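Listed below are the residues making up each chain.
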Amino acid sequence: DGSTVDGLDAVVFATGFGLKFSFIDESILQDNPEDLDLYKLVFPAGLTKPTLSVIGCLSTVGAHPPIYELQARWAVRVFLGLSALPDKETMLKRIRADRLELKQRFGHVQLQLLNLPDRDEIAE
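All values derive from a computational prediction rather than experimental measurement. (Residues numbered from 1 in each chain as written. Predicted model: local features only at pLDDT ≥ 70, side-chain atom pairs only at ≥ 80, totals over all residues. Heavy atoms only, no water.)

> Describe a nonpolar patch on the surface, listing the residues and the values that go with them.
A cluster of nonpolar residues, Val5, Leu8, Val11, Phe13, Val76, Leu80 and Leu82, forms a patch on the protein surface that exposes about 740 Å² of accessible area. Note that valine 5 resides in the segment before strand E1 (38–39). The class for valine 5 is partly exposed, based on a relative accessible area of 49%. (Patch = residues over 30% accessible without salt bridge, like charges linked within 9 Å, V, L, I, M, F, W, Y side chains within 5 Å. Areas by Shrake-Rupley, 256 points an atom, 1.4 Å probe, with all protein chains shown as cover. Salt bridge = Lys/Arg side-chain N within 4 Å of Asp/Glu carboxyl O. Helix = DSSP H or I, 4+ residues; strand = E, 2+ residues; numbered from the N terminus. Buried < 20%, exposed > 50% of the residue type's maximum accessible area, 1.4 Å probe, protein only.)

> Any details on the pattern of salt bridges? Residues and values, ideally.
Counting across every chain of the model gives 4 salt bridges. Two residues, aspartate 37 and arginine 99, come together in a salt bridge whose shortest N-O distance is 2.6 Å. In this pair, aspartate 37 sits in the segment before E1 while arginine 99 sits in helix H2 (residues 88–106), placing the two residues 62 residues apart along the sequence. A relative accessible area of 17% means that arginine 99 is categorised as buried. Two residues, arginine 96 and glutamate 89, come together in a salt bridge whose shortest N-O distance is 3.6 Å. Overall, arginine 96 belongs to the partly exposed group, its relative accessible area being 46%.

> Quick one: what's the story with unusual backbone geometry, residue by residue and with numbers?
Backbone geometry places lysine 40, a non-glycine residue, at a positive phi of 50°. Checked against the element boundaries, lysine 40 lands in the loop between E1 and strand E2 (43–44). At leucine 41, a residue that is not glycine, the phi angle is positive and equals roughly 60°. Its place among the elements puts leucine 41 in the loop between E1 and E2. According to the relative accessible area criterion, leucine 41 is buried, its value standing at 13%.

The analysis is restricted to geometry; functional conclusions fall outside its scope.
If you want it as structure tokens, here you go:
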């Protein structure tokens with residue numbers, strides 16, 4: 001649509017198959033999925049302000065690009081102040097619940113998006 005966003009320091013496109021965030025401090029993003037505190041697999045819960053998002057670092061059943069688009073649209077809305085994230089404790093509570101569900105379902109924690117419920121939440 002021709003619109004622009006000013007004031008960005010960087011946009012990092014990271015591709016590949018190994019989960020490594022060596023370009024950022026481990027207190028923000030951890031390499032182990034068991035320790036990675038990403039709210040709805042997008043926003044690091046430990047940041048004071050939502051100035052970083054992780055797009056496409058997940059596995060799912062079905063097509064991935066539509067999920068990446070939903071994540072990206074949500075991240076932009078948060079960055080622009082059109083959507084707000086909950087407080088840190090609420091995000092961490094959700095992350096812990098998601099981890100527990102993944103462990104019960106798969107026997108271990110993986111970055112797995114549970115199709116319809118998670119897609120609907122992000123799209124809201």
